[in-house]
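Each chain, written out:
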Amino acid sequence: MPNVVIVGTQWGDEGKGKVVDALAPHVAAVVRFQGGNNAGHTLVVNGQKIVLHLLPSGILHPEVTSLIGHGVVIDPAVLLGEIDRLTARGHVLSADKLGISLSAHVILPYHTAVDQARERARGASKIGTTGRGIGPAYEDKVARRGVRIADLIDPARLALRLGEILPEKNHALENWHGVAPITADALLNELAPMGARLRPWARDTVAEVHAILGRGGSILFEGAQGTFLDIDHGTYPFVTSSNTVAGAACAGAGVGPTAIHEVVGIAKAYTTRVGSGAFPTEDLGAAGEALRAIGAEFGATTGRPRRCGWFDAALLRQAVRLNGVTRLALTKLDVLTGLDRIPVCVGYAGFDGTFPAALEDAVPVWEELPGWSDPISGARTLGDLPREARAYVDRLEALVGVPIELISVGPEREATIAVGGLFAG
Ligand code: GDP
């Protein structure tokens, strides 16, 4: 198995978790490289639904090492909660199975308070963040006033660090955000026990990644969110606060570009988006509502209804460029069952070879493809799909220009058509 990056090619929630879970048995380690617990990957295993926010989606495979790279921001309470929930279900998360980078930044209680206070103050123009403190934690990282896992697990270092940070932080909390200030003692008392619990898993994950590569083991780098939420390439300012594109795997996991062999882009057979911002193919009518209901399009992290619309080949072609996508996985094809005709955006009027700097200027050029009515969730080979469903997949593949090697036809692990390439074995 080559070293693979998995990225969302739309606005997140493409079903990356299921695809990572499918590939995980073939790699030595799965590494998360960016984002925080604003991501939510949903896995359905043996009829049980498991939502992961911070733990890599390979965690359910006992033989695979799961690493949280330093590009991730970690809310220790959330991570411990997730570890406890999986442990209660019988998963053994031993120190050799799970590793947390010493250099990953920590989401502190004031990050969450600031995130929520800002969104409240923005009112109608809110970004639509999950309010989990991810943006403020990344801001502090860049401003060089962050707390890292290495600080969290060492009470003396933590006390020192908080002593440096808190005077300025409290000034802003009180006088600008209208949030109560925090004393170093209170914060230490809250954080130190969590640091102590996380200590066994905290280590140099870069060294571990390279040790695995040195042994000839392969690595799956797991992205969170989606390409058009990327801080540089997304629909700014309605974006997340990290780079979500495949290149971020290098910075966030500690490998060079030459370590990456394949980039698998995950795309829904239609499009969804959570929060504010441009969405050229959004369907605000009954068909959009039907997609939401049938596709259960409600956020795994917040429960918020997702905005729904049609497949956008122009968006996908841009995602292919930005990520260097070599193969595509198409998810939730089953959700389109029962539609008479399926609209697909084949390009944006006036943009040929270029991509609009402001996506709200994009006017889709539509094509309509025939739908199918027979259920497809039982399909396991291309031959099991109705003719129209195959034609739909073929047309998307031609429009995007990258082979579709996996088709997902239901939430369960088994509800998958492996067309070839990486997924064939
Ligand atoms: P991720 O963050 O990209 O992993 O995506 P989410 O987990 O937020 O959203 C994907 C949702 O779709 C989850 O609830 C999955 O169980 C579900 N899902 C994944 N693939 C399929 C599929 O092919 N069909 C259907 N109906 N649901 C799917």
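Nothing here was measured: the structure is a model prediction, and the numbers come from that model. (Residues numbered from 1 in each chain as written. Predicted model: local features only at pLDDT ≥ 70, side-chain atom pairs only at ≥ 80, totals over all residues. Heavy atoms only, no water.)

### Details of the domain arrangement of the protein
By convention, interface size is frequently given as the accessible area that disappears when the constituent parts associate.
Part 1 of the reasoning: Each assigned domain of the protein is listed with its residue range as follows: domain 1 (4–101 + 201–259), domain 2 (105–198) and domain 3 (267–423).
Part 2 of the reasoning: The partner domain 3 presents 38 residues to the 32 residues of domain 1 that form the contact.
Part 3 of the reasoning: Across the interface of domain 1 and domain 3, roughly 2700 Å² is buried in total on both sides, 63% from carbon and sulfur atoms.
Part 4 of the reasoning: When the buried area of domain 1 at its contact with domain 3 is split by residue, Gln10, Trp11 and Lys18 rank highest and sum to 26% of it.
Part 5 of the reasoning: At the junction of domain 1 with domain 3, the criterion picks out two salt bridges.
Part 6 of the reasoning: Between Asp21 and Arg413 there is a salt bridge, with the nearest N and O atoms lying 2.6 Å from each other.
Part 7 of the reasoning: Applying the counting rule to domain 1 against domain 3 returns 16 residue pairs in polar contact (both at pLDDT 80 or more).
Part 8 of the reasoning: Among the elements of the structure, strand E1 (4–8), helix H1 (16–23) and strand E3 (41–45) are those that each provide at least two residues to the side of domain 1 that touches domain 3.
Part 9 of the reasoning: Top element by residues in the side of domain 1 that touches domain 3 is H1. It accounts for four residues.
Part 10 of the reasoning: Among the residues making up the side of domain 1 that touches domain 3, the classes are represented as 15 nonpolar, 13 polar and four charged. (Domains from an automatic or database assignment. Contact = heavy atoms within 4.5 Å. Buried area = accessible area lost by both parts, 1.4 Å probe. Salt bridge = Lys/Arg side-chain N within 4 Å of Asp/Glu carboxyl O. Polar contact = N/O pair within 3.5 Å; in protein donor to acceptor, adjacent residues only side chain to side chain. Helix = DSSP H or I, 4+ residues; strand = E, 2+ residues; numbered from the N terminus. Nonpolar A, V, L, I, M, F, W, Y, C, P; charged D, E, K, R; others polar.)

### Some remarks on the site of the ligand
Part 1 of the reasoning: Close to the ligand lie 18 residues, the nearest being Lys16, Gly17, Thr42, Asp334 and Ser408.
Part 2 of the reasoning: The separation between an oxygen atom of the ligand and a polar main-chain atom of Gly15 is 2.8 Å.
Part 3 of the reasoning: Relative to its free-state accessible area of 580 Å², the ligand is covered by the protein chains to the extent of 91%.
Part 4 of the reasoning: Listed by contribution, the elements that provide at least two residues to the shell around the ligand are H1 and E3.
Part 5 of the reasoning: Residue composition of the shell around the ligand, by class: four nonpolar, seven polar and seven charged.
Part 6 of the reasoning: Each of domain 1 (4–101 + 201–259) and domain 3 (267–423) contributes no fewer than three residues to the shell around the ligand. (Near = heavy atom within 4 Å. Areas by Shrake-Rupley, 256 points an atom, 1.4 Å probe, with all protein chains shown as cover.)

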